[in-house]
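Take a look at the letters that make up each chain.
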There are 2 protein chains.
Amino acid sequence: MTGRMLTHDEFDAAIRQVGAERYHNLHPFHKRLHGGECTRAQVQAWALNRYCYQEAVPRKDASFMSRVFDRDLRREWVRRLLDHDGYGEEPGGIERWLILTDGLGFSRDYVTSRRGALAATKFAVEAYVRFVREEPLVVAVASSLTELFAPAIHRERIVGMLENYDFIDDEVMAYFKRRLTQAPKDSDFALQFIKDNCRNREEQDACVDAVRFKCDVLWSQLDALWNAYVSGEIPPGAWRPGEGMAKT
Amino acid sequence: MTGRMLTHDEFDAAIRQVGAERYHNLHPFHKRLHGGECTRAQVQAWALNRYCYQEAVPRKDASFMSRVFDRDLRREWVRRLLDHDGYGEEPGGIERWLILTDGLGFSRDYVTSRRGALAATKFAVEAYVRFVREEPLVVAVASSLTELFAPAIHRERIVGMLENYDFIDDEVMAYFKRRLTQAPKDSDFALQFIKDNCRNREEQDACVDAVRFKCDVLWSQLDALWNAYVSGEIPPGAWRPGEGMAKT
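Residues numbered from 1 in each chain as written. Chains lettered and ligands numbered in written order. Predicted model: local features only at pLDDT ≥ 70, side-chain atom pairs only at ≥ 80, totals over all residues. Heavy atoms only, no water.

**Quick word on the interface of chain A and chain B**
How big an interface is tends to be stated in terms of accessible area lost as the parts join.
Reasoning step 1: Contacts between the two partners involve 29 residues from chain A and, on the opposite side, 29 residues from chain B.
Reasoning step 2: Interface area for chain A against chain B, summed over the two sides, is near 2,400 Å², with a carbon-plus-sulfur share of 53%.
Reasoning step 3: Contact with chain B buries surface across chain A, with A:Phe69, A:Arg71 and A:Arg75 losing the most and accounting together for 27% of the total.
Reasoning step 4: At the junction of chain A with chain B, the criterion picks out six salt bridges.
Reasoning step 5: Between A:Asp85 and B:Arg74 there is a salt bridge, with its nearest N and O atoms 2.6 Å apart.
Reasoning step 6: Where chain A packs against chain B, one counts 12 residue pairs in polar contact (both at pLDDT 80 or more).
Reasoning step 7: Secondary-structure elements contributing two or more residues to the side of chain A that touches chain B are helix H3 (40-65), helix H4 (71-85), helix H5 (93-103) and helix H7 (119-134) of chain A.
Reasoning step 8: Looking at the side of chain A that touches chain B element by element, the count peaks at eight residues for H4(A).
Reasoning step 9: Classifying every residue of the side of chain A that touches chain B gives 12 nonpolar, four polar and 13 charged. (Contact = heavy atoms within 4.5 Å. Buried area = accessible area lost by both parts, 1.4 Å probe. Salt bridge = Lys/Arg side-chain N within 4 Å of Asp/Glu carboxyl O. Polar contact = N/O pair within 3.5 Å; in protein donor to acceptor, adjacent residues only side chain to side chain. Helix = DSSP H or I, 4+ residues; strand = E, 2+ residues; numbered from the N terminus. Nonpolar A, V, L, I, M, F, W, Y, C, P; charged D, E, K, R; others polar.)

**What to know about the packing of helix H3 (residues 40-65) of chain B against helix H11 (residues 201-230) of chain B**
Residues and elements named next belong to chain B.
Reasoning step 1: For the pair H3 and H11, interaxial distance at closest approach is 10 Å and the crossing angle is 145°. In the crossing of H3 with H11, the sense of the turn from one axis to the other is right-handed. Across from Gln42, Ala45, Trp46, Asn49 and Tyr53 in H3, the residues of H11 making contact are Lys214, Leu218, Gln221, Leu222, Leu225, Tyr229 and Val230.
Reasoning step 2: Grouping the amino acids of the contact of H3 with H11 by side-chain chemistry returns eight nonpolar, three polar and one charged. (Axes fitted to C-alpha atoms, helices over the stretch in contact; angles between N-to-C directions. Left-handed = near helix turned anticlockwise from the far one by under 90°.)

**Comments concerning the confidence of the model for chain A**
Residues and elements named next belong to chain A.
Reasoning step 1: Per-chain confidence: chain A averages 94 in pLDDT, with 99% of residues scoring 70 or above.
Reasoning step 2: Ranking the elements of chain A by mean pLDDT puts helix H9 (residues 150-164) last with 88 and helix H8 (residues 137-142) first with 98.
Reasoning step 3: On the interface metric, ipTM, the complex scores 0.85, and its pTM is 0.89. (pLDDT = per-residue confidence, 0-100.)

Following this line, the structure appears as structure tokens:
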């Protein structure tokens, strides 16, 4: 590979630049969602599909840990898994996401079956699980770094959604509030890890590419949502408004 | 596959029969170890090699969890991972194993590098990681069921080793004492899981075979130890008595 190694500051800046150009806060669906322009059905479709991403995260983290021979790194990483799945009394992030889908009227069985989710959503999140299982460890760590950009979007989301939708209340936004404190701890660790462990420019470039890849994973989910539920081209088998509701 | 499904009791008995015929408590190295006939170097070789197995267990459990879409099952299974790696204040089983290798004079770097371990040991434990990653989930669960037979061997080991070796004390046996309470919880769950989830005789037979496979993983490690350190045919690159000691 050509080129000298980036300094830690240059490397940091290159990663953040990817976020500035590609993170899904720039997607028109995001603006529509937070700006109060979504219909209830569009918010439902978003929550239903995004569940697939939430659900994949602990499998992604377990995939990563299954490759790690360094016990200290596994002990650090397992916190992510426990944050999502919960442990003991702590219900975890997936449970909090299901409180959001409860609040939107879905039956839990329907949501967790993933059968109404868009195929494009499932392909995107499983591509992320595969990436973390197969890419070099330092590159796999880098793919988590969209968390650097998450607190800003979560803050916007909490304010925007509470203000703009009468069917969204404080309780169902619990997931995002919790992530405001979890995500920065995780991303600080991951950023330091890749700075400390990249041995050459090629690995640094692969890490920056991993953040691009992860932005693609997030962006393509919103593209699919837009196409299905804003443009109205719902693919065969995907959720249609009114389906999958809990019996009341 | 031919044959009717086994009843739960027959299935249980078939699994326990494998243990009665193949569990490594029947291996001559085990008898030698607990009977006080091992030299200090043979005990050292055993602890050094067995570290590789301990070290692989959390990667095996993470491999399993990376394939599980059922959050309740992941939440149950993660306890095994935390038991081995530790979490927060809890040091975990691997740390307790390292207290044993400390007590035997090894440097921690040497042990955790695995470079003195027998190739046959590493092949066996990585075959276990692969098995759990690739086999059907119910079969992967079944492969953990040698834990059914572990408490008896642990009890024998604690008594036998404390009595017979003046270089073994209570502190270094902490690993086995802890496993006396952890293993039964784990094996009860796994046994119930395979009873509840096998859908036909073929799957039941595959589960019994998984326990045979796992017994092979354990047995072959003791064969390799015997050949190297009792028969004295130490392979190139493997630990030789006196190597890898901590500076005192």
